[in-house]
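Commentary on secondary and tertiary structure
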Amino acid sequence: MSESANLLKLFRVDQQIRGLRSRLTSAERFLAEQKRLMDELNAKLTIATNQFKIAKSAAAGAEGEAARIEARMNHLREQMNLAKTNKEYSAFLTEVNSLKALKDEQDKLQLEQLDRVDQLSKQIAELDVQVKDRKGVATKAQTERDGKEAEIKDRLGELTKERVAVRGGVDASHAKRLEDLMERLGEDAMANVEEIDRRNHEWSCGACRMAVPAQVLSIITRGSLVNCPSCGAFLFTETDVASKKLPKAKKGETLEA
Ligand SMILES: [Zn+2]
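The structure presented is a predicted model; accordingly, all values stated were derived computationally and were not measured.

This brings us to the overall build of the protein. Across its full length, the protein carries six helices and four strands. In the protein, the succession of helices and strands from N to C terminus is α-α-α-β-β-β-α-β-α-α. Computed over C-alpha atoms, the radius of gyration of the protein comes to 40 Å, more than 25% over the 18 Å expected from 2.2 N^0.38 for 257 residues, which places it beyond the range of a compact globule. Projected onto the principal axes, the alpha-carbon positions of the protein cover approximately 135 × 40 × 35 Å. In the protein, which comprises 257 residues, the share counted as buried stands at 32%. Expressed as a percentage of contacts within the protein between residues at least 6 apart in sequence, the contacts between residues at least 24 apart total 69%. On the protein, roughly 16000 Å² of surface is accessible, and the fraction owed to carbon and sulfur atoms is 53%. Considering the protein, the positive charge centre built from 44 side chains and the negative charge centre built from 42 side chains are found 3 Å apart.

Here's what the structure looks like:
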């Protein structure tokens, strides 16, 4: 077998491996996305839970402060009743009034924080439901991914063994170049030379459609390796272009007319 044919064999095995893996890859991608969404929800839940605790303690703090002020006001009111002079009475009254303003502030603060506690507890409940739902989807995605892996395992094992054998028959530097091209071009790493117009000796690269000159074609058909000057793919001919098409065309245009 020519080097080109050997390389094509390796390419075909790689294509099958890629095809099998792609089924697993899409399942893995879906699973990763579910995990990402799950992490996002858990992060939101952590933030909301922390905010809930802060608001709750702020509300309790305001309540305590309001009660402390209230007690002080009650004590002042008692003293007011016992005031002996107008001056004494109005001093107590001034203090009571200023405490009243402070207590109003604390009452307001407490209500605001209780509102916040309310909102956050609703938000937490919603997030809990979302986390639970997402967990269900993620579990299913994991099962699906594991199923896909099991499904392709045996065939992938066979192909991997086959690949080792086939690669052994290919020049190591050519195999490496093919692997690099597979990374870059995927399925277009090796391209069939397609016939555009036999009569006018026109062929093109099956991957990028750029013209392949007749002299390049004759090198390919001898089994030598040539890369497409345009896209870089290894070129090959699926059919025996050299023996069937090229000589015919060489004989003259009238043959095909
Ligand atoms: Zn090309």
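At this site the zinc ion is bound by Cys-205 (SG), Cys-208 (SG), Cys-228 (SG) and Cys-231 (SG), with donor distances of 2.2 to 2.4 Å. One way to put it: the four donor atoms around the zinc ion meet at angles of 104 to 113°, and that makes the site tetrahedral. On the primary sequence, the residues serving as donors to the zinc ion are separated as C-x2-C-x19-C-x2-C. Neither residue differs from the other here; Cys-228 and Cys-231 are each classed as buried.

Counting 21 residues, the largest nonpolar core has Leu-7, Leu-10, Phe-11, Leu-178, Ala-189, Met-190 and Phe-234 as its most contacted members. Counting residues per element, the ones that place at least two in this core are helix H1 (3–81), helix H2 (86–168), helix H3 (172–185) and strand S4 (234–236). If you tally residues by element for this core, the top one is H1, at eight residues. Ranked by size, the runner-up nonpolar core spans 13 residues in total, among them Val-193, Val-212, Ala-233 and Leu-235.

Take the sheet that holds S4 next. With respect to topology, four strands assemble into an open sheet ordered S3-S2-S1-S4, the strand pairing being mixed. Lying at the two open borders of the sheet, with one neighbouring strand each, are strand S3 (211–212) and S4.

Attention now goes to H1. Taking 1.5 Å of rise per residue, 79 residues should cover 117 Å, and H1 covers 113 Å from first to last C-alpha, within 8% of that figure. Roughly 30° is the biggest bend found in H1, and it falls at Ser-22.

Glancing now at the pairing of strand S1 (residues 190–197). In summary, the side chains of a regular strand alternate between the two faces of the sheet. Where S1 lies against S4, three bridges are found, and the strand directions are parallel. Counted as the bridge partner of Ala-191 is Leu-235 from S4. As paired strands, S1 and strand S2 (residues 202–205) are joined by four bridges and run antiparallel to one another. In the sheet register, Asp-197 faces S2, and the bridge partner there is Glu-202.

Calculation rules
Residues numbered from 1 in each chain as written. Predicted model: local features only at pLDDT ≥ 70, side-chain atom pairs only at ≥ 80, totals over all residues. Heavy atoms only, no water. Helix = DSSP H or I, 4+ residues; strand = E, 2+ residues; numbered from the N terminus. Rg over C-alpha atoms; globule rule 2.2 N^0.38 Å. Buried < 20%, exposed > 50% of the residue type's maximum accessible area, 1.4 Å probe, protein only. Contact = heavy atoms within 4.5 Å. Areas by Shrake-Rupley, 256 points an atom, 1.4 Å probe, with all protein chains shown as cover. Lys, Arg positive; Asp, Glu negative; His and termini not counted. Charge placed at Lys NZ, Arg CZ, Asp CG, Glu CD. Donors = N, O, S within 2.8 Å, 3.2 Å for Na, K, Ca; no water. Tetrahedral: all angles 85-135°; square planar, octahedral: opposite > 155°, others 65-115°. Core = buried A, V, L, I, M, F, W, Y, C linked by side-chain atoms within 4.5 Å. Pairing = 2+ DSSP bridges. Expected span 1.5 Å × (residues − 1). Bend = angle between axes of the 7 residues up to and from the residue.

Limitation: the analysis is restricted to geometry and does not speak to function.
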